[in-house]
Structures are given as C-alpha cells and as structure tokens.
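Descriptive structure summary
As a plain string of letters, each chain reads:
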Protein chains: 2
Amino acid sequence: MKDLTDIPALMDEIGRRAKAAAAELAFAPSEAKTRALEAAADAVWAARADIIAANEKDMEYGREKGLSDAMMDRLMLDEDRVQSICDGLRAVAAQDDPVGAVLEEWDRPSGLHIQRVRTPLGVVGVIYESRPNVTADAGALCLKSGNAVILRGGSESFHSAAAIHACLVEGLREAGLPEDAIQRVPTRDRSAVSELLTMTAYVDVIVPRGGKGLVGLVQREARVPVFAHLEGIVHVYIDVAADPQKTLDVVLNAKTRRTGICGAAECLLIHRDVVDTIGQGVVRALLAAGIEVRGDETLQAIEGVTAATEADWGCEYLDRVIAARVVEDIDGAIAHIGRYSSNHTDCILTEDDAAAERFFERVDSAIVMRNASTQFADGGEFGMGAEIGIATGKMHARGPVGAAQLTSFKYLVTGDGTTRP
Amino acid sequence: MKDLTDIPALMDEIGRRAKAAAAELAFAPSEAKTRALEAAADAVWAARADIIAANEKDMEYGREKGLSDAMMDRLMLDEDRVQSICDGLRAVAAQDDPVGAVLEEWDRPSGLHIQRVRTPLGVVGVIYESRPNVTADAGALCLKSGNAVILRGGSESFHSAAAIHACLVEGLREAGLPEDAIQRVPTRDRSAVSELLTMTAYVDVIVPRGGKGLVGLVQREARVPVFAHLEGIVHVYIDVAADPQKTLDVVLNAKTRRTGICGAAECLLIHRDVVDTIGQGVVRALLAAGIEVRGDETLQAIEGVTAATEADWGCEYLDRVIAARVVEDIDGAIAHIGRYSSNHTDCILTEDDAAAERFFERVDSAIVMRNASTQFADGGEFGMGAEIGIATGKMHARGPVGAAQLTSFKYLVTGDGTTRP
C-alpha cells in the first residue's frame with residue numbers, strides 16, 4: 001500500500017494522518033479511550049502466541065547482530081511479560097482522563113469566570129530502542145491524554161512492536177476511534193527518524209527514549225520541541241548528620257537493586273567527617289556486595305577500592321560500578337552535583353532538616369530525595385501509573401512523564417455580555 | 001569595557017554571566033527580590049527626568065527613521081507613563097513569590113512523601129520591539145520568578161531601555177542580588193539576536209515579543225526553546241442562540257475599544273439564521289462606529305460593506321477593519337477558526353450552554369471565550385499582574401505569560417531510610 005522506500009513521502013503521510021486523528025481525538029469521550037485500551041489489552045492477550053512468535057524473529061535478529069545478554073533480556077517476551085503489557089494497558093485505562101480536567105478556576109471583578117483546563121498537546125512522536133513494551137505504554141499514555149502518536153521503535157524490536165501495535169489499532173477500531181491515532185513507522189530505515197525530528201508541521205513534541213546515540217541525534221537534528229531525556233547520572237550524598245543504618249540500607253538499595261535502570265546510583269559523595277565511620281562501612285558493604293568502587297585518593301585507603309579518574313565523575317555506568325569521592329561539606333556535594341549531575345535524580349542522607357532544606361533548594365534536578373533510595377525514581381512509584389520516560393529538561397515536562405505531562409492547557413472565559421472599560 | 005563590535009564574544013560573556021547569576025538567583029530569598037523591585041521603582045521615579053531625556057533621543061531617532069504615529073506613540077514616555085512603569089514594578093514586587101510554591105503533595109504506600117514545587121527556568125532571553133516599558137516588565141517578571149534575564153530591546157527604544165535598565169540594576173544592587181541577573185544587550189547590532197537565539201549552553205528559553213519579522217526570524221534561527229507568540233487573529237462567532245444586546249456590546253467592544261492590541265477582534269462569523277436580525281444590526285453598528293467591514297457575498301448586501309478576498313481570512317489588521325463571513329452552523333464556525341485562527345483568543349456569543357460547551361471543547365486556542373469581549377485577553381485582566389506576552393504555542397506556557405509561567409518544577413521526595421523492594 002504505502003511505498004516503504006520513499007521515506008519523506010511515507011513520513012509526510014503518517015504526519016498528515018496523525019494531525020487529522022489528533023483533531024478528532026482531542027474531544028473523544030473518556031469512555032471511548034478507556035474502552036479502546038481495554039480492548040487493546042484483550043487483543044494483546046488473545047494474540048500472545050503471535051506476539052511471542054514475532055518476538056522470536058526479533059530475538060533471532062538480535063542473536064545475529066550479537067546483542068549483549070542485557071539487551072537480549074530487554075528484548076525478550078514470554079507469557080509473563082505479555083501479561084504485564086496487558087496489565088499496563090488496563091492500568092492506563094483505569095486512570096482518570098486528564099483532558100478537560102479543571103486545573104484552577106477563579107472569578108474576576110470584571111464579572112468574568114476563568115477556568116484553566118487541560119488539553120492534549122496534539123501529535124507526539126516517540127522514538128525508542130529495544131524494549132517492546134514501550135510500544136504499548138507509549139501508545140496507551142498518548143491515547144489517554146488525547147494525543148495522536150507516531151511510534152518509532154528500534155530495529156531490534158521491529159516484529160514484536162508490529163504485533164503489539166496491531167492490537168492497539170484493534171482496540172481503537174472497537175472503540176470507534178480513528179485508527180491513525182496510534183501509528184507505527186513501518187520501516188527500519190533510520191532516515192525516518194530524521195524526518196520525524198523535523199516534521200514541525202505535524203508533530204508537536206518528540207519524546208526520545210534511548211541511549212547516548214539517540215540523544216545526540218535528537219539534539220543535533222530536532223526542529224520539533226523535545227522532552228529532553230538525558231542519562232541518569234545519579235548522586236547519593238552522605239551528610240555529616242546521616243543515620244548509619246538508613247544510609248547503609250539506602251545506598252545498597254540505590255546501587256544494587258537493579259544496576260541497569262536510570263535511577264540507579266552512580267556516584268557516592270561522603271562528608272569528610274564521616275568517612276572513617278559511616279563512609280567506610282558503606283564502602284565495605286558495597287564491595288562485599290560485589291560492586292566495584294572507584295574512589296578518590298582518601299577512599300583508596302580502604303582495601304578493594306580502585307582508583308577513580310576524572311572520567312568517573314559524571315559517568316553513567318548502568319553496571320556494578322560506583323564512583324566515590326570525599327567532599328568537605330554539603331556545599332562541596334552540591335557543587336559536585338551541579339557540575340556532574342544530569343539533573344535526573346540526586347539524594348541526600350541526613351537527619352539534619354536544615355541540611356536537607358539546603359540540598360532541596362540548591363540541587364536543580366528533576367527529582368531530589370532525602371533518605372530514600374534513588375531506585376524510586378519511577379512514574380509507577382510516584383503513583384502516576386505508566387511513564388514514557390523521565391524528562392531531565394525543564395521545559396514543559398520534568399521527571400516521570402505520564403499522561404498528565406503529555407497535556408497542555410487552555411483558558412475558558414465566561415462572561416454575560418461583558419465588555420472591557 | 002566590553003568590546004561592542006565582537007558580537008559573539010560579547011554575547012558569550014553576557015550568557016556566561018547570566019548563567020552564573022541564575023544559579024545564585026534560584027534560591028534568593030523572596031524578600032530580597034521584592035526589595036530589589038521596590039528599589040528599582042524608586043530609582044525609576046528618581047531618574048524620571050533622565051529617562052524622559054533618553055526617550056527624547058529615541059523619539060528623535062524615530063522621527064528620522066520616519067516611524068508611524070502609532071509606533072511613535074508606543075515609544076513615547078512622559079511622566080505619566082514613567083509613573084505606570086513604577087506602578088508595574090511595585091505590582092510585581094507585591095505578588096507572591098512563585099519559586100518554592102508547593103503545587104501538589106502526596107504520600108505513597110512505600111512511605112515516601114512527594115512534593116512538586118516550583119523552580120525557576122534558569123536564563124530567559126527576551127527579544128522585543130519598541131515599547132520601553134517592556135524593559136521593566138520583563139526584567140521584573142523574570143526576577144520575581146528567580147530567572148536571570150537577557151533583554152534585547154528594539155533599536156528604536158535603545159536609550160530609553162538603557163536608562164530604565166540602569167534603574168533595575170540599581171535595585172538589584174540595593175538588595176544585594178547579582179547585578180547580572182538583569183542584563184541588557186548594549187548594542188543595536190542585529191546579529192546579537194541571532195547569537196541569543198542559538199546560545200543553548202546559556203539560555204533556557206526565548207520569549208519573543210514583536211511583529212511578523214521577529215517571529216519569522218525566531219522560527220528560522222532559534223535553537224533555544226521558544227515561547228511562541230504569534231499574531232492575534234481573533235474570531236468572534238455570533239451563534240444562532242446569541243443574545244442581541246450582549247452581542248452588540250461585545251462585538252463593538254472587541255473591535256473598537258483598542259484596535260492595535262492582540263486581543264482585538266479581526267474576524268466576525270455569523271450563523272446564517274441570524275444574519276438578517278442580529279448580524280445585520282451588528283454590522284451596521286460597526287460601520288456606524290467607523291469600522292471598515294469586509295464581508296462575504298451575503299454580507300455585501302448590507303450597504304457600506306466592502307468585498308472580502310481570500311486574504312482577509314486569517315488577517316491581523318490591528319486597525320479599524322474587520323472581516324465578516326456567514327457560516328452554516330457552529331461547526332462551520334469551528335472549522336473556519338481551526339483553519340485561520342492563530343490560536344490566541346476566539347469567542348462565541350450564545351445563550352445555548354450546549355453550543356458553548358461544543359465551542360469550548362473544539363476550539364484549540366489559548367483563550368476561548370463566551371459572551372465576553374476578546375479585549376480581556378490580557379494578563380492583568382486575568383489577575384496575573386504584569387505579563388511578558390501571550391503565548392500561542394502549547395509547549396510549557398500558553399496564554400498570558402506572567403511570573404508563574406516562567407517557572408518549571410521539581411519533585412522533592414522524603415523517606416526515612418526507605419528502600420525499594
């Protein structure tokens with residue numbers, strides 16, 4: 001049907017269709033959107049054998065390409081994982097519809113009544129890598145928020161994404177919503193990404209979800225607004241007033257629970273006055289847990305700590321490695337974070353309210369924590385339901401991007417023949 | 001001091017200073033910001049003779065350049081206008097500090113307490129044209145919201161802006177805040193604008209405030225995020241269920257109160273069934289008020305109505321002219337608006353709640369009104385105090401841009417040694 005070799009024409013058609021669908025979706029009834037997502041969940045479960053077969057093709061492609069075990073694990077779908085895709089769709093279906101929600105309202109002396117209400121953004125472009133569940137999550141969140149979406153998944157998950165996408169379209173059809181509301185770029189050709197990034201006439205915002213290569217491409221080429229999603233260079237600072245037990249619990253959890261997620265701790269900062277007490281205990285516990293600790297000169301005195309180099313500050317390992325450094329005081333920690341953090345999530349361990357307040361005020365990251373594991377940096381843990389990603393920029397969305405963050409707003413002003421003097 | 005001919009170096013220094021000031025300003029006490037704005041108001045009033053003298057130089061330059069009377073009027077400062085600049089500064093000083101405000105907070109089953117609090121954006125670049133008061137308004141709003149600002153005024157208001165800017169800096173100094181918090185580009189060289197639009201390392205957002213030429217330049221060149229501010233192509237739709245008297249009052253006010261502001265009505269849409277009743281009365285009243293009415297074929301039957309051409313739909317006159325067209329029904333009006341509106345402000349006149357609801361739902365403009373003059377499209381009339389402009393885009397800010405719209409937010413998460421299972 002479509003010519004898959006003429007990428008500009010293909011993308012132009014996808015964009016045009018998305019914009020038309022968005023205009024209709026903007027005022028689609030909540031019930032229809034809910035119904036579409038429930039029907040999509042049913043369709044995914046009914047098609048689980050086909051989806052797993054499609055995934056097997058992707059796994060074969062991945063083996064041929066020599067993907068790492070971690071990548072292969074992210075790519076793999078079994079019945080349990082298909083079940084969680086369905087659960088995710090049902091969870092978004094059950095959420096409140098953000099569109100039309102009154103954010104605030106007030107009366108004016110002029111007699112006007114003003115409401116600020118949520119509206120969809122329009123057309124969202126989502127560019128992601130290997131995880132097949134993103135197809136369902138991103139499609140569902142965009143639909144819930146009344147946006148049309150253009151999904152561009154990684155070439156590794158090509159067949160899995162197509163199979164899941166077909167179920168989403170089935171849901172739209174059953175609910176009587178435009179099928180173009182959730183479109184998928186049906187080619188592995190990378191130039192489609194460049195097209196998507198510059199389609200300002202059709203696309204309102206790009207949500208990139210992937211590693212450094214994708215982020216760099218987006219920064220260079222995007223003419224459409226982007227929800228920046230940089231790395232998670234996550235710091236944990238052990239203050240002079242930290243509680244030893246809480247610190248041990250939180251640091252171990254923040255580093256070791258899962259090392260491959262963006263909320264995993266990557267750098268430990270230790271107040272000089274507690275290096276020999278809490279600091280030493282924590283470092284030894286990390287080493288005992290099989291974590292490589294790359295420390296500054298002071299910390300190298302602890303047996304097993306290897307030497308950190310300049311490249312270790314601001315590094316996202318996503319692995320069983322942590323950088324560690326002694327700081328003179330809380331301001332030293334804040335300065336280190338200001339310089340090396342990716343403004344994703346940073347944490348202070350302290351029992352001192354004034355220190356926590358200073359840290360909260362002066363660390364300019366999307367998520368700033370006190371006495372809590374940075375592994376909580378997640379839309380689900382925040383109570384937002386699914387998330388498309390964690391925005392590290394400050395424009396429009398910041399932190400976990402759920403349905404509400406995919407909206408804009410407008411003002412509804414009601415008078416009664418009211419004129420301005 | 002600075003080399004005013006090496007524009008890239010000049011702008012780089014301004015950007016670097018702004019970023020440093022922003023880091024400090026982000027946690028400046030509310031009292032210091034209030035004090036700075038009050039002191040700036042005092043300084044402006046004390047320097048009124050100098051400001052008016054500087055303005056006289058600009059007026060001379062404007063006369064030489066042959067500026068229109070309207071432009072000259074916008075440029076002119078007298079003691080009354082200097083007084084309103086002072087009033088504006090004091091009004092922003094009296095507003096609540098948006099920074100640190102808790103937007104929402106909640107507890108999670110995990111034991112975490114989460115707050116979403118307002119933060120500054122960082123560095124704001126404001127590019128504007130002739131009106132000298134924008135220097136004070138923009139500087140004040142950015143300071144209130146904890147942002148450093150780089151002001152780039154039009155060449156016409158060069159001397160007036162410099163004199164007002166000096167007073168703002170005096171205010172910062174008196175309050176012990178960094179003087180670089182409010183900087184002004186001290187050259188008329190237009191290449192400084194291009195620099196400002198691409199300084200992604202220093203500038204977080206650009207607020208352009210000006211006519212088509214500026215908007216086009218910004219769209220072509222900006223690499224920094226922009227709060228889009230297009231024209232005000234404002235529509236008023238007279239529904240079949242409109243009240244005759246309210247309609248007459250609102251349309252006349254919307255068109256004639258002031259024709260040169262962005263909330264002035266530019267196009268009248270009339271339901272076919274009320275053309276011969278309400279429609280005819282309104283058109284005659286507009287003509288009697290000295291407004292040129294450019295109508296479609298049906299309306300040309302009314303004596304005095306001239307013929308509209310295709311170019312009249314979607315035209316921002318900012319003058320004593322209005323386009324007028326008959327539509328078949330409310331959906332015809334919504335379709336016309338969807339095609340020609342600049343998504344600034346559009347209005348329906350109706351006593352029918354269902355019609356109003358349909359219009360509110362389906363017209364995707366920053367401000368959608370019912371039975372109220374579009375001249376109310378203004379931050380002050382909305383109760384926001386001063387505004388930097390009215391954003392017509394959907395990313396981040398929309399509608400009147402006051403201090404709150406110049407902020408982002410972050411999540412503050414508090415646990416008690418809380419770990420994620």
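The numbering scheme is per chain: residues are counted from 1 as the chain's sequence reads. Think of it this way: whatever chain is written first is A, whatever ligand is written first is 1, and the rest follow in order. For this predicted model, a pLDDT threshold of at least 70 governs which residues receive local features, and a threshold of 80 or more governs which side-chain atom pairs are given and counted, while totals over whole chains, interfaces and linings are taken from all residues. Note that water and hydrogens are dropped before the side-chain values are worked out from all heavy atoms of the structure.

**Overview of unusual backbone geometry**
With phi around 70°, His 396 of chain A is a residue other than glycine that occupies positive phi space. Strands are runs of DSSP state E lasting at least 2 residues, helices are runs of H or I lasting at least 4, and numbering of each runs from the N terminus. For His 396 of chain A, the location among the structural elements is in the loop between strand 14 (390-391) and strand 15 (399-400).

**Re the sheet that holds strand 3 (residues 123-128) of chain A**
Residues and elements named next belong to chain A. Read across the open sheet, the 4 strands follow the order 5-4-3-6; overall the sheet is parallel. Among the strands making up the open sheet, the edge pair consists of strand 5 (182-184) and strand 6 (205-209). Averaged over neighbouring strand pairs, the angle between their axes works out to 20° when direction is ignored. Two strands qualify as a pair provided DSSP detects at least 2 bridges between them. Of the strand pairs in this sheet, strand 3 and strand 4 (residues 148-152) are connected by 5 bridges, and their pairing is parallel. In the strand pairing of strand 4, Gly 125 is matched with Ile 150. Together, strand 3, strand 4, strand 5 and strand 6 form the strand contacts of helix 6 (residues 133-144), whose direction differs from that of strand 4 by roughly 165°. Here an angle of 0 to 180 degrees is reported between the N-to-C directions of two axes, which are lines fitted to C-alpha atoms, with helices fitted over the stretch in contact. Contacts were defined at the residue level, with two residues in contact if any of their heavy atoms lie within 4.5 Å.

**Re the UniProt feature "domain: Aldehyde dehydrogenase" (unreviewed entry) in chain A**
UniProt positions are given in the numbering used here, feature names are shortened, and annotations may be inferred rather than shown by experiment. The UniProt record marks residues 12-286 of chain A with the feature "domain: Aldehyde dehydrogenase" (unreviewed entry), using the residue numbering of this structure. For residues 12-286 of chain A, helix accounts for 52% and strand for 16%, while the C-alpha atoms at its two ends are 52 Å apart.

**Description of the relation of the copies chain B and chain A**
When chain B is fitted to chain A, the residual RMSD is 0.0 Å, and the transformation amounts to a turn of 180° plus an axial shift of 0.0 Å. Look at the turn and shift together and you get a two-fold axis relating the two. For chain B, the smallest separation between a C-alpha atom and the rotation axis is recorded for His 396 of chain B, amounting to 2.0 Å. Interface overlap between copies is the fraction of interface residues in one copy that are interface residues in the other; for chain B against chain A it reaches 100%, indicating a shared surface. All copies are superposed by least squares; the fitting set is the C-alpha atoms of residues with a pLDDT of at least 70 in both.

**Describing the sheet that holds strand 6 (residues 205-209) of chain B**
Residue and element names in this part refer to chain B. Spatial strand order, 5-4-3-6: 4 strands in an open sheet with parallel pairing. Each having just a single partner strand, strand 5 (182-184) and strand 6 make up the two edges of the open sheet. Neighbour to neighbour, the strand axes of the sheet diverge by 20° on average, direction disregarded. Packed on one face of the sheet, helix 6 (residues 133-144) meets strand 3 (123-128), strand 4 (148-152), strand 5 and strand 6 and runs near 165° to strand 4.

**Digging into the interface of chain B and chain A**
Listed per partner, the contact involves 67 residues of chain B and 67 residues of chain A. Take the accessible area each of two parts loses on contact, using a 1.4 Å probe, and add the two losses: that sum is the buried area. Its largest share of buried area at the contact with chain A, chain B owes to Met 395, Tyr 411 and Arg 420 of chain B, together 15% of the area lost on that side. Salt-bridge detection follows one rule: a side-chain nitrogen of Lys or Arg within 4 Å of a carboxyl oxygen of Asp or Glu. On inspection of chain B and its partner chain A, the count reaches 4 salt bridges. Side-chain atoms alone can form a polar contact between residues adjacent in sequence; in general such a contact is a pair of N or O atoms within 3.5 Å, and within protein one must be able to donate a hydrogen while the other accepts it. Across the contact surface, chain B and chain A share 48 residue pairs in polar contact (both at pLDDT 80 or more). Elements with a contribution of two residues or more to the side of chain B that touches chain A: strand 2 (113-120), helix 9 (212-221), helix 10 (244-256), helix 13 (353-362), strand 13 (367-372), helix 14 (379-382), strand 15 (399-400) and strand 16 (407-418) of chain B. In terms of residue count, the dominant contributor to the side of chain B that touches chain A is strand 16 of chain B (11 residues). As judged from the 5 bridges shared by strand 16 (residues 407-418) of chain A and strand 13 of chain B, these two strands associate in the parallel manner. Each bridged residue has a counterpart across the sheet, and for Leu 412 of chain A the counterpart in strand 13 of chain B is Val 368 of chain B.

**Describing the domain arrangement of chain A**
Domain delimitation follows an automatic or database domain assignment. Split into domains, chain A comes out as domain 1 (7-227 + 401-413) and domain 2 (234-376). For domain 1 of chain A and domain 2 of chain A, the distance between their C-alpha centroids amounts to 35 Å.

**Some thoughts on the side chain of His 336 of chain B**
Turning to its location among the elements, His 336 of chain B is positioned in helix 12 (residues 330-340). Residues contacting His 336 of chain B, with those up to four places away along its chain left out, are His 235, Cys 267, Leu 269, Trp 313, Arg 325 and Ser 341 of chain B.

**Considering the packing of helix 8 (residues 191-198) of chain B against helix 9 of chain B**
Residue and element names in this part refer to chain B. Across the interface, helix 8 lies against helix 9 with an axial gap of 10 Å and an inter-helix angle of 45°. Classified by the interaxial angle, the pair formed by helix 8 and helix 9 is oblique. At the point where helix 8 passes helix 9, the crossing takes the right-handed sense. Where helix 8 abuts helix 9, its residues Val 193, Ser 194, Leu 197 and Thr 198 lie against Leu 217, Val 218 and Glu 221. Any residue that is not Ala, Val, Leu, Ile, Met, Phe, Trp, Tyr, Cys, Pro, Asp, Glu, Lys or Arg is counted as polar, Gly included; the first ten are nonpolar and the last four charged. Within the contact of helix 8 with helix 9, the residues separate by chemical class into 4 nonpolar, 2 polar and 1 charged. For classification purposes, an angle smaller than 35 degrees is called roughly parallel, one larger than 145 roughly antiparallel, one from 65 to 115 roughly perpendicular, and anything else oblique. Working rule for handedness: look at the near helix, and if it is turned counterclockwise from the far one by less than a right angle, call the crossing left-handed; if clockwise, right-handed.

**A closer look at helix 2 (residues 30-46) of chain B**
All names here are of chain B. To estimate how far a helix should reach, multiply one less than its number of residues by 1.5 Å. The terminal C-alpha atoms of helix 2 lie 24 Å apart, and with 17 residues this matches the ideal 24 Å at 1.5 Å per residue to within 8%. Each residue gets one of three labels from its accessible area relative to the maximum for its type: buried under 20%, exposed over 50%, partly exposed in between, using a 1.4 Å probe on protein chains only. For helix 2, the full list of buried residues reads Ala 32, Lys 33, Thr 34, Ala 36, Leu 37, Ala 39, Ala 40, Ala 41, Ala 43 and Val 44. Close packing links the buried residues of helix 2 with helix 3 (48-65), helix 5 (79-94), helix 6 and helix 7 (158-174).

**Thoughts on the side chain of Ser 145 of chain B**
Residues and elements named next belong to chain B. Structurally, Ser 145 can be placed in the loop between helix 6 and strand 4. Overall, the relative accessible area of 0% leaves Ser 145 in the buried class. Once residues within four sequence positions are removed from consideration, Ser 145 is found in contact with Pro 98, Val 99, Pro 120, Ala 403, Leu 406 and Thr 407.

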